[in-house]
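The chain contents come next:
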Amino acid sequence: MNVGRRRVHLGVLFPVNPTTTVWKGGLPGSQIDFAAIAGLARTAQRGRFDYLLLADDLRLPERDGEVTEIGVAGRHDLLTIISAVAAVTDRLGLVATVNTTFNEPYDIARQLATVNHLSDGRVGWNAVTTSDAWIGQNFRRGGFLPHAQRYERAAEFVQLCRSIWRAGGTPDSVPLAHQGRHFHAEGHAATACDGIEPVLMQAGDSEQGREFAAAHAEVIYSRKKGRAGREFYADVKGRLARHGRDPGQLKIMPAITYVVGQSRADAEELARMRRLDIVTPEMAIYYLEELWGCDLSGYDPEGPLPDIDPDPDGSAFIAGRPTGADAQRRADRAAFLRQVAESRKLSIRQLVALVTDTKALAGTPADIATAMIEQVEADACDGYIIVPDQAPGGLDSFVEHVVPELQSRGVLPAEYESDTLRGNLGLPESTNRAR
Ligand SMILES: Cc1cc2nc3c(=O)[nH]c(=O)nc-3n(C[C@H](O)[C@H](O)[C@H](O)COP(=O)(O)O)c2cc1C
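Because the structure is predicted, anything quoted here is derived from the model rather than measured.

(A) View of the site of the ligand. Around the ligand, a shell composed of 16 residues is seen, among which Thr 130, His 147, Tyr 151, Asp 205 and Ser 206 lie nearest. Contact between the ligand and Tyr 151: an oxygen atom at 2.6 Å from a side-chain N or O atom of the residue. Against a free-state accessible area of 610 Å², the protein chains account for coverage of 82% of the ligand. Residue composition of the shell around the ligand, by class: 5 nonpolar, 8 polar and 3 charged.

What follows is the structure in structure tokens.
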């Protein structure tokens, strides 16, 4: 490693979102095939990635009251999946998304401690709160907890989990003494951590989300890049001192997609074609239906935008997706899309491909490495969560071509430096145990 160069940390997201990734061989089923997850994990470990991240959803979205075929693959329990992935890897960190609004801390602390123990300290926890009542209905708690209280509950959830990890599990265990607003716990907890706790990740961008991250998180999974990334980085890192924390104790990692080509022009053209592969005709119509709040299946995806206005009462036409809720926001967004489509003369599908574009880093391996390093050195992030835009196999070209480039520039070590996720992320190995 070159002295003085900032490390570039790497995670990879197992891609289940149909707006980011094309699954070869079609849906559904292949996305929950263990071979696909294990394959991505092995590739990531070969590329010296810090971790594999699994995202979660606790309810399937619906179109007009019916489950849609777009993106449906079901979701299995992620802590169980990472236990299985732990058995086929030996260095890679394994991060599972686990919700703090609908679970109970004792159970989650114990499950995380167990997988962390089985994997010798390779576990991370993406602690999410989830913003809607939609999922709550699966837990018979529709509307359960307003937004701000979700983060209050999340903070108490995490603190109690950490108390359990530090206190329990041995003959000299000390009893829990937690009396909070959301939870009470008093006994000797059965399962502790062996001194190395799971790494805590956070994803969420509100004021409360940022405060929660600054107080508790060790990694942020963000969507902010470029100038927005620099502002986010300065804001969140600037909050750490108030919580008695050092900037190095929190790594900020935005999600990025990449496309490797022989030349920059070649890669940019490839990226444009890949967007159109992802935005299928069905997906383009589905995207508009969410905003218009009504059935648009009679419109030609290769033709102009619908000539009707969005239905103000149609918020529930597509349910369970993040953008649909408010009638005014849907109408404003639809008006904006109409303006873009008309001024650029775009079909529905071309428009949706443009506005859902995740702006892949497209170029030669050297271009991609340069862009990644520049953002880290400009204090926009500490590394990246790579989201392959093709699957399975979508990380192969990154590991084959971009990883060696990053290694030759001294920002990614050739070998793992630690056996634990904490160690590889440069986070403190040992926690302050309660006894
Ligand atoms: C990049 C990113 C990834 C997320 N991934 C998940 C996820 O996999 N599962 C989930 O239930 N929520 C996920 N969330 C939702 C957050 O946990 C949070 O509930 C939501 O963003 C609302 O919080 P906020 O108001 O602070 O943004 C994600 C959010 C962001 C920004």
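(B) Region of interest: the pairing of strand E11 (residues 219–222). Covered by surrounding structure in E11 are Val 219 and Tyr 221 together with Ile 220 and Ser 222, the residues of both alternating faces. When E11 meets strand E12 (residues 251–256), the two strands line up parallel, connected through 4 bridges. Within E12, the position partnered with Ile 220 by the bridge is Ile 252. Remark: the E11/helix H7 (residues 226–239)/E12 crossover connection has right-handed handedness.

(C) Inspection of the nonpolar core at higher detail. Residues Phe 49, Leu 52, Trp 125, Met 372, Phe 398 and Leu 406 are the most contacted members of the largest nonpolar core, which totals 80 residues. Broken down by element, this core gets its largest block of residues, 10 residues, from helix H5 (residues 147–167). Non-local contacts of Met 372, meaning those with residues more than four positions away in its chain, are made with Val 8, Leu 10, Ile 256, Leu 361, Tyr 384, Ile 386, Phe 398, Val 402 and Leu 406. Of all hydrophobic cores here, the second largest spans 20 residues; its members include Val 279, Trp 292, Cys 294 and Ile 348.

(D) Representation of helix H13 (residues 396–408) in the model. Taking 1.5 Å of rise per residue, 13 residues should cover 18 Å, and H13 covers 18 Å from first to last C-alpha, within 8% of that figure. The largest bend in H13 comes to about 35°, at Val 402, with the proline Pro 404 one to four residues further on. Within the span of H13, buried status applies to Phe 398, Val 399, Val 402, Val 403 and Leu 406. Buried residues along H13 sit against strand E1 (9–13), helix H1 (34–46), strand E13 (258–260), helix H12 (365–377) and strand E16 (383–386). One or two residues past the end of H13 sits Gly 410, with phi positive at roughly 80°.

(E) Region of interest: the packing of aromatic side chains. Tallying each qualifying case throughout the model produces 8 aromatic pairs. Note on Phe 102 and Phe 139: the rings are 4.7 Å apart at their centroids and 10° apart in plane angle, and the pair reads as stacked. Of this pair, Phe 102 sits in the loop between strand E6 (93–99) and helix H3 (105–118) while Phe 139 sits in the loop between helix H4 (133–136) and H5, and the two are 37 residues apart along the sequence. Owing to a relative accessible area of 30%, Phe 139 belongs among the partly exposed residues under this scheme. Measuring from ring centre to ring centre gives 6.3 Å for Trp 125 and Trp 165, while their planes differ by 80°; the resulting arrangement is edge-to-face. On the criterion of sequence distance, the pair formed by Trp 125 in strand E7 (residues 123–128) and Trp 165 in helix H5 is long-range, its members being 40 residues apart. The pair Trp 125 / Trp 165 is uniform in exposure class, with both members buried. Aromatic ring contacts, followed pair by pair, group Trp 125, Phe 157, Trp 165 and Phe 183 into a single cluster.

(F) Representation of the domain arrangement of the chain in the model. Considered domain by domain, the chain is made up of domain 1 (9–261 + 359–424) and domain 2 (280–355). When the two sides are added together, the surface that domain 1 and domain 2 hide from each other amounts to roughly 950 Å², 62% of it contributed by carbon and sulfur. For the pair domain 1 and domain 2, the interface holds 2 salt bridges. Along the contact surface separating domain 1 from domain 2 lie 4 residue pairs in polar contact (both at pLDDT 80 or more). Across the side of domain 1 that touches domain 2, the residue classes break down as 4 nonpolar, 2 polar and 3 charged.

Cut-off values and rules
- Residues numbered from 1 in each chain as written.
- Predicted model: local features only at pLDDT ≥ 70, side-chain atom pairs only at ≥ 80, totals over all residues.
- Heavy atoms only, no water.
- Near = heavy atom within 4 Å.
- Polar contact = N/O pair within 3.5 Å; in protein donor to acceptor, adjacent residues only side chain to side chain.
- Areas by Shrake-Rupley, 256 points an atom, 1.4 Å probe, with all protein chains shown as cover.
- Nonpolar A, V, L, I, M, F, W, Y, C, P; charged D, E, K, R; others polar.
- Buried < 20%, exposed > 50% of the residue type's maximum accessible area, 1.4 Å probe, protein only.
- Helix = DSSP H or I, 4+ residues; strand = E, 2+ residues; numbered from the N terminus.
- Pairing = 2+ DSSP bridges.
- Right-handed = clockwise from strand over helix to strand, strands pointing away.
- Core = buried A, V, L, I, M, F, W, Y, C linked by side-chain atoms within 4.5 Å.
- Contact = heavy atoms within 4.5 Å.
- Expected span 1.5 Å × (residues − 1).
- Bend = angle between axes of the 7 residues up to and from the residue.
- Phe/Tyr/Trp six-rings, centres within 6.5 Å; stacked < 30°, edge-to-face > 60°.
- Domains from an automatic or database assignment.
- Buried area = accessible area lost by both parts, 1.4 Å probe.
- Salt bridge = Lys/Arg side-chain N within 4 Å of Asp/Glu carboxyl O.

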